[in-house]
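# Summary of structural features
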Amino acid sequence: MADKPVYEEASIDGQPPKLASIPASDTTVWADASPLLQAACAGLRDGELIHGDNFNLFAAMSALEIMDPKMDSGIVCTYYSIDEAIENGAAPIPISLDSTIDVRCTIDIMDHLLACEAAWHKGHSLAQTVFSCIYLLRLDRTAPHALLHSYCRIIRATCKAVVSVVSDARTHEEEDLFTMTYGLPLNGDGDDKCLSILNAVEETISRQLRACKATSSKRRLPEDLEPLQSNSNLEEGFCKALLCRLRFRKHFFHVLSCMKRPQGRGLESARKHIASCLTELESILESADFLRSCFDESCEGDIDDKTTASGFEPIGFDAMLNSRLSAPTPPRAIKILSWKKAVEYFVKLLHDLDVICSYSLDPHLESLLRFVVQFQKSQPDLVARSHLQLLLVQDGKLYGRDPFFAVINKAAALPEATKNHDIQKNESFLQLGMLVMNLLKILCTNAAWQRRKLGKFLQDWRVIYVQLELAFRNEYGEVSSSSNDENTCMKIFQHILLWVEEQTYWIAFRFLILGFELELYSTGEYCMVYWYLYAVLIKLTEKTHLMMAVSHDTAKRKGKKKKDSSKDLARESRIPPAVLFLQCYICLAEGLTMMLAALRNEIPVFHSPSPFNTEHEKFVQHFELLQRACIPDHVSYPSYKESTTHARFSTLAMYNYFKDAQRIAKEVKSSFSNDPERLAELRKLEQVAEHNSVAQNVICRLGALDPSLKVSFEFSHHPFFATVVVKRS
Amino acid sequence: MEAKPEEKAEFEEAEIEYVSYGGEHHLPLIMNLVDQELSEPYSIFTYRYFVYLWPQLSFLAFHKGKCVGTVVCKMGEHRNTFRGYIAMLVVIKPYRGRGIATELVTRSIRMMMESGCEEVTLEAEVTNKGALALYGRLGFIRAKRLFHYYLNGVDAFRLKLLFPPPRQVL
């Protein structure tokens, strides 16, 4: 940009061009730059670019073409500003002088706001959704309209509360859009009183409802109460439609407040409010019939796509007014959820929150991890996941209550007394506590991000193991002393080292199986994935079994004293059910690896080399993070090749791992009769085993002979163990 | 009203001519193809960034003088690896399904390999089965899933191709 103007005259007639919105001031004046731009256009030929020291082609990519609606967020679409929109009647107060229409329009605004709120929760910006409402952007001017005013206030307070929860949970990257509130009026004076304002309005409408019912039963009505609106036939319907909407907002706000209370103290109350929310949502859905039929005019278009129950377009919304607040480039037009889908979203959100509120705050880490994994299976959205994260980790403690060393102490099957041991002040143990805390946070995030973080996390767990092991060897390298405290310290180290290994393999296991859920593996890669899974499961099972043996010892020492009955001995020699469960996994992994290896070795179409690289590169890429952390040791591409290169249909026929899996699954079911989740999974594992066993037999008998045989893999029974499907093409 | 059935162009694969980016005269052809098919608006500077700095990585496919496909790429240092990146790949609808896109991409990747790239990467929508199959056949894996990567809420895969280490010359 030139410092000195090259052209000093303004436009041709010497007058600055008139602009309605941006007037010249004492120190500024408008000047016509057209001749300058004209000359500049002729100054460069096609393909030439001015190269500055700090302006290169890469920087040029950020250029915007002014007046291109896809690039220029300053472009005026409807109104230049919120004030202009209001001046032009875009958000009238009252909405209509006809009180009936005014009420209906108010309900439309409430419904559309619900749809906007759901769209926001689902990943769009607040500016383009909830705050596309002009009434919300200038909330103070709604004061004369009690209904609208109270509703907008609680919406604003609710959004602020939700933003706060999600910000505190510190979700990342792709979900950061949620918390962007720059320039939006989220903080309102007096919003802390929004509930009492809402209650007052609710009370009035309740009395209006009672009054109109009293009229219909011909009792005398109080003379100082004005009806809600002027059409007596519609009074009851409108009152009810409004009441359920107001009550939903009230109870939802209470849910958020209760869940915020520390150490889970508000969870039980939250559940009551959640139940009320669900009831009100039912009523809201039911009100749709009334709202659609109360006017003669019907609305165009598919009712299911509409963002309001009545089907009418809401008054007072303009998503473009905030476009300059959003980002340098204008936001893409987004589709607000339909009203029906919005209600469905909130029903799901409430159910997910209810699951969280029902959780028993189990101090056992293993149970907690299973709970979180199970919770994630229903694919909860960001708001639900953030609430879970905040419940689990508060003030650096589990549930804001249990210090992480105590949690680890319990998980590592150490005696209760050691949880207060000084050793927890040791740097390595402090770091371990942080790792557990971070693990819980990571497990609450969306699957895609979670997997990436878990992969990187493996290194941290490996390092802490090495550190602890080093510290242990330094302290107790020479085993001689028999002082009590030293024995305790040694025991703490031993247990925790074992537990860290188990956890590390669990994380590796989770990393691998999430790849199936996220569809990161193509069919040609299944063989190496199942092989690696098999290797990790072997180690996980080994450590889990050791951990259980060690925990059994601790329990024995603590409790049963000398009563070693034969029953106890028998129980000791049995393999614990949890370990058998893992062994079922191992059989399935091994079976699938071998079958896939045989298929690729015997049938050409299963082995399609790519022109640019080999299976080795794919192996390196998929398992880079595991290899780097040496999880497990002695596992590499050559060892994978060695295990699978000789697989043939003939070798496959010699052993049916799926039958083993079936047998184990059947046997172990009775041990999990009190655990519906594990029982359900065992049934799925049985199904996979059964189908795959049959498929293996067919393939072995016919595979090499029948070229029309088509083998495919589906995840119809189990999320990460594929069911083999054999068809004739 | 039913959509018009897609008209497929009739041609022999040998009739397709593949040309390396040759200069300013190719730029409007590339821009028109990409603007037509992809939803993201690119300014002319974005195109110039790619074709000026890495002309040897962009290719065009012609059929009887008409430009029917293009690929636009770059390469450079990224966290200690020399990496190629496929920015845009377009083949007009009547010419799809005949291997033109594969050929365009293959030429570009070969050039990247010869220029010393260790890997090649790109993003693709998880729903874009065609692209995923194409790149899968060439040796790309799905390295990451990116949640809600696209503004319409669709996830993306980051696809990566790792070249084998160069053979030692004895």
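What counts and how
Residues numbered from 1 in each chain as written. Chains lettered and ligands numbered in written order. Predicted model: local features only at pLDDT ≥ 70, side-chain atom pairs only at ≥ 80, totals over all residues. Heavy atoms only, no water. UniProt positions renumbered as here; feature names shortened; annotations may be inferred. Helix = DSSP H or I, 4+ residues; strand = E, 2+ residues; numbered from the N terminus. Buried < 20%, exposed > 50% of the residue type's maximum accessible area, 1.4 Å probe, protein only. Contact = heavy atoms within 4.5 Å. Areas by Shrake-Rupley, 256 points an atom, 1.4 Å probe, with all protein chains shown as cover. Rg over C-alpha atoms; globule rule 2.2 N^0.38 Å. Buried area = accessible area lost by both parts, 1.4 Å probe. Salt bridge = Lys/Arg side-chain N within 4 Å of Asp/Glu carboxyl O. Polar contact = N/O pair within 3.5 Å; in protein donor to acceptor, adjacent residues only side chain to side chain. Nonpolar A, V, L, I, M, F, W, Y, C, P; charged D, E, K, R; others polar. Phe/Tyr/Trp six-rings, centres within 6.5 Å; stacked < 30°, edge-to-face > 60°. Domains from an automatic or database assignment. Pairing = 2+ DSSP bridges. Expected span 1.5 Å × (residues − 1). Core = buried A, V, L, I, M, F, W, Y, C linked by side-chain atoms within 4.5 Å. Axes fitted to C-alpha atoms, helices over the stretch in contact; angles between N-to-C directions. Parallel < 35°, antiparallel > 145°, perpendicular 65-115°, else oblique. Left-handed = near helix turned anticlockwise from the far one by under 90°. pLDDT = per-residue confidence, 0-100.

Per an unreviewed UniProt entry, chain B goes by N-acetyltransferase domain-containing protein and derives from Gossypium aridum. Listed in UniProt under the heading Sequence similarities (unreviewed entry), the comment for chain B reads: "Belongs to the acetyltransferase family. MAK3 subfamily."

Identification of chain A as N-alpha-acetyltransferase 35, NatC auxiliary subunit from Gossypium tomentosum is taken from an unreviewed UniProt entry. Looking at chain A in UniProt, the text filed under Subcellular location (unreviewed entry) is "Cytoplasm". UniProt lists a comment for chain A under the heading Sequence similarities (unreviewed entry), and it reads "Belongs to the MAK10 family."

### Topic: the overall build of chain A
What chain A contains, in helices and strands, is 25 helices and five strands. Split into buried and exposed, the 729 residues of chain A put 50% on the buried side. Long-range contacts, defined as pairs at least 24 residues apart, comprise 77% of the intrachain contacts of chain A with a sequence gap of at least 6. When the accessible surface of chain A is summed, it comes to about 36400 Å², and 53% of that surface belongs to carbon and sulfur atoms.

### Some points on the overall build of chain B
Each helix and strand in chain B was counted, giving four helices and seven strands. Its helices and strands taken in sequence order, chain B reads β-α-α-β-β-β-α-β-α-β-β from the N to the C terminus. Against the compact-globule benchmark of 15 Å for 170 residues, chain B has a radius of gyration of 17 Å, which places it among compact chains. Taken along the three principal axes of its C-alpha coordinates, chain B extends 60 × 35 × 30 Å. Here chain B holds 170 residues, and the buried ones make up 47% of them. Long-range pairs, those at least 24 residues apart, make up 63% of the contacts in chain B with a sequence separation of at least 6. A total accessible area of about 9000 Å² is found for chain B, and carbon and sulfur atoms account for 52% of it.

### Digging into the interface of chain A and chain B
Contacts between chain A and chain B engage 36 residues on the former and 39 residues on the latter. Of all residues in chain A, Leu57(A), Phe612(A) and Gln621(A) bury the most surface against chain B, accounting for 23% of the area lost on that side. Where chain A meets chain B, there are one salt bridge. Arg145(B) is paired through a salt bridge with Glu519(A); the nearest N and O atoms lie 3.2 Å apart. Our count for the contact surface shared by chain A and chain B stands at eight residue pairs in polar contact (both at pLDDT 80 or more). Among the elements that line the side of chain A that touches chain B, the one with the most residues is helix α21 (residues 615-628) of chain A, at five residues. Residues that form the side of chain A that touches chain B fall into these classes: 14 nonpolar, eight polar and 14 charged.

### Here's the deal with the packing of aromatic side chains
Residues and elements named next belong to chain A. With the rule as written, the count across this model stands at 45 aromatic pairs over all chains. Consider the rings of Phe-516 and Tyr-521, whose centres lie 4.9 Å apart with planes at 75 degrees: the pair is edge-to-face. Assigned by exposure class, Phe-516 and Tyr-521 land together as buried. Taking the centre distance of 4.3 Å and the plane angle of 25 degrees together, the rings of Tyr-532 and Phe-623 count as stacked. Remark: Phe-623 occurs in helix α21 and Tyr-532 occurs in helix α18 (residues 526-558); sequence separation between them is 91 residues.

### Details of the pattern of salt bridges
Scanning all chains against the criterion turns up 42 salt bridges over all chains. A salt bridge links Lys348(A) to Asp352(A), with the shortest nitrogen-to-oxygen separation between them at 2.9 Å. Residue Lys348(A) and its partner Asp352(A) are both found in helix α11 (residues 339-357); the two are separated by four residues, about one turn of the helix. You can call Lys348(A) partly exposed: its relative accessible area is 30%. We note a salt bridge from Arg83(B) to Glu119(B), for which the minimum N-O separation is 3.0 Å. Pair noted here: Arg83(B) is in strand β4 (residues 81-91) and Glu119(B) is in strand β5 (residues 119-125), with a separation of 36 residues, a long-range link. The pair formed by Arg83(B) and Glu119(B) is uniform in burial state, with each residue classed as buried. It is possible to trace a salt-bridge network through shared partners that takes in Glu366(A), Arg370(A), Asp675(A) and Arg678(A).

### Considerations on the domain arrangement of chain A
When cut into domains, chain A gives domain 1 (82-355), domain 2 (359-477 + 487-520) and domain 3 (540-554 + 574-728). With centres defined by C-alpha atoms, the gap from domain 1 of chain A to domain 3 of chain A works out at 51 Å.

### Things to note about the sheet that holds strand β3 (residues 402-403) of chain A
Residues and elements named next belong to chain A. Here we have three strands laid out as an open sheet, ordered β1-β2-β3, and antiparallel in their pairing. The outermost strands of the open sheet, each flanked by one partner alone, are β1 (393-394) and β3. Two strands pair when backbone bridges link them, and strand β2 (residues 397-398) and β3 are joined in this way by two bridges, in the antiparallel orientation. Within the sheet, the bridge partner assigned to Lys-397 lies in β3 and is Pro-403.

### Details of helix α4 (residues 99-121) of chain A
Taking 1.5 Å per residue, 23 residues should reach 33 Å; α4(A) reaches 33 Å between its end C-alpha atoms and fits that length. When you tally the buried positions in α4(A), you get 21 out of 23 residues, the bulk of the element.

### Structural notes on the nonpolar core
Residues and elements named next belong to chain A. In terms of nonpolar packing, the biggest core is built from 278 residues, with Ile-496 and Phe-721 touching the most fellow members. Counting residues per element, this core draws most heavily on helix α17 (residues 484-517), at 18 residues. Excluding residues within four positions of it along the chain, Phe-721 makes contact with Tyr-530, Leu-533, Tyr-585, Leu-588, Ala-589, Leu-592, Leu-685, Val-688 and Phe-715.

### Some words on the side chain of Asn692(A)
Residue and element names in this part refer to chain A. Mapped onto the secondary structure, Asn-692 falls in helix α25 (residues 676-702). Polar side-chain contacts of Asn-692 include one of 3.0 Å to the backbone oxygen of Ala-722. In this structure Asn-692 touches Leu-592, Met-595, Phe-658, Ala-722, Thr-723 and Val-724, once residues within four positions along its chain are discounted.

### Notes on the environment of Ile154(A)
Residues and elements named next belong to chain A. Turning to its location among the elements, Ile-154 is positioned in helix α6 (residues 146-169). For Ile-154, a relative accessible area of 0% translates into the label buried. Other than its neighbours up to four places away in sequence, Ile-154 contacts Cys-194, Leu-195, Leu-198, Arg-249, Lys-250 and Phe-253.

### Quick word on the packing of α4(A) against α11(A)
All names here are of chain A. In the contact formed by α4 and α11, the axes pass within 8 Å of each other and the chain directions differ by 60 degrees. Comparing their axes, α11 and α4 come out oblique. Classified by chirality, the crossing of α11 by α4 is left-handed. For the pair formed by α4 and α11, the contact residues are Asp-111, Leu-114, Ala-115, Glu-117, Ala-118 and His-121 on the first element and Trp-339, Ala-342, Val-343, Tyr-345, Phe-346 and Leu-349 on the second. Here the residues of the contact of α4 with α11 are counted per class, giving nine nonpolar, one polar and two charged.

### Notes on the confidence of the model for chain B
In low-pLDDT regions, the fine details of the predicted coordinates are not to be read closely. In the predicted model, chain B carries a mean pLDDT of 91, and the fraction of residues at 70 or more is 94%. Confidence estimates for the predicted assembly give a pTM of 0.89 and an ipTM of 0.93.

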